[in-house]
Amino acid sequence: MANIKFVSENQEVIAADGANLRIKALENRIDLYTFTGKMMNCGGYGQCGTCIVEIVEGLENVSPRTEAEERILRKKPDTYRLACQTVVNGNITVQTKPKKGK
């Protein structure tokens, strides 16, 4: 079992190992999307890049970046992930909607 801590929301969620981060966030009413992202997201297929999160702690406990993430996040730090492409395999701390300046 994994513990997912969402920093901005001050909320912790328990997930089975192998859980999809986007699905766990949405199941627990964690808002991943900015205003534009709410209207333009791809529904979890790794195509739009609107569900960007930052893994603040526990990067070693998530799956490696997918090809879609490498393409969409190529200019972002390694800690930035697409929630829809991220599989959780241990405890992590997540910052939703990270600042664009990074």
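Above this text you will find the structure in question.
The structure contained in this document is the topic of the report that follows. These numbers were taken from a predicted model, which means no experiment stands behind them.

### Points about the overall build of the chain
Point 1. A tally of helices and strands in the chain yields 3 helices and 7 strands.
Point 2. Ordered by position from the N terminus, the helices and strands of the chain form the series β-β-β-α-α-β-α-β-β-β.
Point 3. Over its C-alpha atoms the chain spans a radius of gyration of 12 Å, differing by no more than 12% from the 13 Å that the globule rule assigns to 102 residues.
Point 4. Look at the contacts in the chain between residues 6 or more apart in sequence, and 59% of them connect residues 24 or more apart.

### As for unusual backbone geometry
Point 1. You will see that Asn-10, though not glycine, has its phi angle at about 50°, which is positive.
Point 2. Following the sequence through the fold, Asn-10 ends up in the loop between strand 1 (2-6) and strand 2 (11-15).
Point 3. Despite not being glycine, Lys-97 shows a phi value in the positive range, around 50°.
Point 4. With respect to the helices and strands, the residue Lys-97 is situated in the segment after strand 7 (92-96).

### Section: the pairing of strand 1
Point 1. Of the two faces of strand 1, only one is covered, namely that formed by Ala-2, Ile-4 and Phe-6; the face formed by Asn-3 and Lys-5 stays uncovered.
Point 2. Pairing of strand 1 with strand 2, which is carried by 5 bridges, proceeds in the antiparallel orientation. Across the sheet, Phe-6 pairs through a bridge with Gln-11, a residue of strand 2.
Point 3. Hairpin connection between strand 1 and strand 2: a loop of 4 residues separates the two successive antiparallel strands, and Asn-10 in this loop has a positive phi of roughly 50°.

### A look at a nonpolar patch on the surface
Point 1. On the surface, a cluster of nonpolar side chains totalling about 410 Å² of accessible area is made up of Phe-35, Met-39 and Met-40.
Point 2. Relative to the assigned elements, Met-40 resides in helix 2 (residues 35-40).
Point 3. Accessibility expressed as a relative area gives 58% for Met-40, which makes it exposed.

### Section: the nonpolar core
Point 1. Residues Ile-4, Phe-6, Leu-21, Ile-92 and Val-94 are the most contacted members of the largest nonpolar core, which totals 24 residues.
Point 2. Of all the secondary-structure elements, those providing two or more residues to this core are strand 1, strand 2, helix 1 (21-27), strand 4 (52-57), strand 5 (80-82) and strand 7.
Point 3. In contact with Leu-21, not counting residues within four places along its chain, are Ile-4, Phe-6, Val-53, Ile-55, Ala-83, Thr-86, Val-88, Ile-92 and Val-94.

The rules behind these values
Residues numbered from 1 in each chain as written. Predicted model: local features only at pLDDT ≥ 70, side-chain atom pairs only at ≥ 80, totals over all residues. Heavy atoms only, no water. Helix = DSSP H or I, 4+ residues; strand = E, 2+ residues; numbered from the N terminus. Rg over C-alpha atoms; globule rule 2.2 N^0.38 Å. Contact = heavy atoms within 4.5 Å. Buried < 20%, exposed > 50% of the residue type's maximum accessible area, 1.4 Å probe, protein only. Pairing = 2+ DSSP bridges. Patch = residues over 30% accessible without salt bridge, like charges linked within 9 Å, V, L, I, M, F, W, Y side chains within 5 Å. Areas by Shrake-Rupley, 256 points an atom, 1.4 Å probe, with all protein chains shown as cover. Salt bridge = Lys/Arg side-chain N within 4 Å of Asp/Glu carboxyl O. Core = buried A, V, L, I, M, F, W, Y, C linked by side-chain atoms within 4.5 Å.

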